[in-house]
Each structure stands twice: as C-alpha cells, then as structure tokens.
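Spelled out, the chains give:
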Amino acid sequence: MPLMTSKEKEIITYLYTAERDVREVVKVTDDYPELTIQEAYELQEGLLARKMVENRTKRVGAKLGLTSKAKQEMMGVNEAIYGELHNDMLAYEWEPVNRAKLIHPKAEPEIAFLMGKDLQGADITEKDVINATKYVAPAVEIIDSRYKDFKFTLVDVVADNCSSAKFIVGSKWISPDSVDLGNVGMVMTKNGKVAATGSSAAVLGHPATAITWAVHQLAARGKGLKKGDIILSGAMSGAIAFDSGDSIIAEFDNLGSVSMFCK
Ligand code: OOG
Ligand code: MG
C-alpha cells in the first residue's frame, strides 16, 4: 500500500490494539466521518500488514460478509464486503474457543470453499469459481466486531477486517459438483435448541455468485484468490451470540455438520 498518512496509522493502531486488548471501541467514523469505502479497504490492508509483522500471521484465505439481505438489513447496509483470513484465526472442533480472548462473539453458519487453483480477474464467472474449487465444507465463522454493540457503518466494518476473529471448518470435505450449492438448507443449534435456520440461496442467490463478486472486487485492487485458499462465502442466517459454556452445531444438507464449544 502507498505510504500511510498519520491519520491512517492512528486508525490502524486504534483497531489493532482494540483487538489485542480485547476491548470494544467507538466506531472510527465517529471521529472520521469523511472516510470512503476505498480508504476503508486501504485501512484493512494496513491493519492486516501490521498483524503479519507484529503477530507473524500469514494469509490463508478470504471471507465475504453481508452477502444476505437479512444480514444487510440487520446491519443497516446495502452492500457486501470482503476481508482476509489469517492463520491465527483457524480454530478447531476439538479445541474449545476461549471466551476470554473475544469481546462479544457471534457464530455464523457458512460454506467454506477450498481453492484448487489461483483465480484472478474482472471477467471471472460463477462457473470459473466452481471449476477452481477443489472442495467445499461446512464452517462456522466467529465474528467479533471491535466496535461497541456491533454497531458500525460499511466503512467501519471494512476497516475492521469485516469483524473477523476465528473460523472452524468441518472435517468432511467434498467436491463442489456433488451438491447443489445454491440450495443447501442449514439448521444451527445452541445448546441443543434451534437458534437459526437458513439456506445457501440467501448468500447472493448462490455462494459461488458471492465469491465471483469478491474476485471482481479483488481484481480492481490487483489481487485474487490463491490455490490453497480457504474462502468463507458469507453467513446463511443471522449471527448468534454465544458465551462461555455454550456449544454450537451447524448442520448442512448433504455437507454434514460442524461444531464448536466455548470455554
Ligand atoms: C460483519 C461480518 C459479516 C458475514 O458472513 O455476513 C460476516 C458483521 O456482521 O459483523 O462475516
Ligand atoms: Mg461471516
């Protein structure tokens, strides 16, 4: 990214330390209402670069957010967003998620795509996305906006790497051709009670459409998806808040299930 201004450095430090210190903060646009979406993506890039240096993290993939009308309405926005996944966000079914390291976590059911090829370009189609996908798997994303009460504008959430915190991918990986990805039903339970239901059709009509959108956005910034990347295609229902002692299971038609426990 181009040389950062002191304003950008200050905002990046603000968001970086909020996450590090597990502290919610007032949204950035309260102090900087003039920030544009373009600048928000530059801030996200700067924040991720800082994590790579200070926390020695590596990029392992990408995520989409606010891909469903329901989520856009919940957050009062009308556009999808994208962010990056780093290796320190990987969590596992067999390892409890540590509540003490999160501010106000929520769980989202998503379909994960594992890329078998690099994918870049403004002319990429849904078919190209499916062709480049080696496997799909059930996933739960744990989002943890650094902003007070999960309240933000599009600019704020993009700068905060789209609320990313952790994600868990189930152990059953299957070929994208073996399921109708545009119509996967899902039930998510919290402590055995149904907490959310949804369908992959809620993700911009089809998760591959959402990923295509992200590839086009990335192309405009000279970027793309890489072979081996894990892509979270966006929440299939509203996000469910959880706390210490809660267990969450998301079950997907034909894809199997994924679970997490919070200690
Ligand atoms: C933004 C992140 C949303 C999704 O899948 O829609 C997201 C938020 O709701 O805090 O990850
Ligand atoms: Mg998500």
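These notes cover the structure that comes with them. Residue numbers here run from 1 along each chain, matching the order of that chain's written sequence. The lettering of chains begins at A and the numbering of ligands begins at 1, in the order of writing. Under the rules for a predicted model, residues below a pLDDT of 70 receive no local features and side-chain atom pairs below 80 are neither given nor counted, while totals for whole chains, interfaces and linings still include all residues. Hydrogen atoms and water are omitted, and side-chain values are computed over all heavy atoms in the structure.

**Side note on the coordination of the magnesium ion (ligand 2)**
- Counted as coordinating are nitrogen, oxygen and sulfur atoms within 2.8 Å of the metal, or 3.2 Å for Na, K and Ca, while water is not included, which may make sites look incomplete. Within the protein, E108 (OE), E110 (OE) and E141 (OE) serve as the donor atoms for the magnesium ion (ligand 2), at 2.0 to 2.1 Å.
- When the donor residues of the magnesium ion (ligand 2) are listed from N- to C-terminus, their spacing reads E-x1-E-x30-E. Of this pair, E108 sits in strand β4 (residues 106–115) while E141 sits in strand β5 (residues 133–143), placing them 33 residues apart in sequence. A run of DSSP states H or I qualifies as a helix once it reaches four residues; a run of E qualifies as a strand once it reaches two. Both are numbered from the N-terminal end.

**Things to note about unusual backbone geometry**
- The backbone phi angle of R56 is positive, close to 55°, even though this residue is not glycine.
- Locating R56 in the fold gives a position in the loop between α3 (37–54) and β1 (59–65).
- Each residue's exposure class comes from its accessible area (1.4 Å probe, protein chains only) as a fraction of the maximum for that residue type: buried when under 20%, exposed when over 50%, partly exposed otherwise. With a relative accessible area of 71%, R56 lands in the exposed category.
- Positive phi, close to 55°, is recorded for L66, a residue that is not glycine.
- Exposure remark for L66: the relative accessible area of 6% places this residue in the buried category.

**Topic: the nonpolar core**
- Among buried residues, those of type Ala, Val, Leu, Ile, Met, Phe, Trp, Tyr and Cys that are joined through side-chain atoms within 4.5 Å constitute a nonpolar core. Ranked by internal contacts, the top residues of the largest apolar core, which has 74 residues, are I111, F113, L225, F252 and M260.
- Counting residues in hydrophobic clusters, the runner-up holds 11 residues, among them L85, M89, L114 and F167.

**What about the side chain of S237?**
- When you line up the elements, S237 lands in the loop between β9 (230–232) and β10 (240–241).
- A relative accessible area of 6% places S237 in the buried class.
- Any two residues having at least one pair of non-hydrogen atoms within 4.5 Å are treated as being in contact. If sequence neighbours within four positions are ignored, S237 has contacts with K71, P109, M186, A196 and T197.

**Quick look at the site of ligand 1**
- By convention in this text, a residue qualifies as near a molecule or strand provided that one of its non-hydrogen atoms is within 4 Å of it. Taken together, 17 residues lie near ligand 1, and K63, L66, K71, S163 and A235 sit nearest.
- Counting of polar contacts relies on pairs of N or O atoms within 3.5 Å, with two restrictions inside protein: one atom must be capable of donating a hydrogen and the other of accepting it, and residues adjacent in sequence are counted only when both atoms are side-chain atoms. At a separation of 2.8 Å, an oxygen atom of ligand 1 approaches a polar backbone atom of L66.
- Here ligand 1 occupies the largest cavity.
- Basically, the charged four are Asp, Glu, Lys and Arg, the nonpolar ten are Ala, Val, Leu, Ile, Met, Phe, Trp, Tyr, Cys and Pro, and anything else, Gly included, counts as polar. Partitioning the shell around ligand 1 into residue classes produces 9 nonpolar, 3 polar and 5 charged. Think of a 1 Å grid over just the protein atoms. A cavity is a set of points where a 1.4 Å probe fits yet cannot get out, a pocket is an open set with protein on both sides within 12 Å along at least five of seven lines, and lining residues have an atom within 4 Å of a point. If over half the atoms of a molecule are within 2 Å of the grid points of a cavity or pocket, the molecule is regarded as sitting in it.

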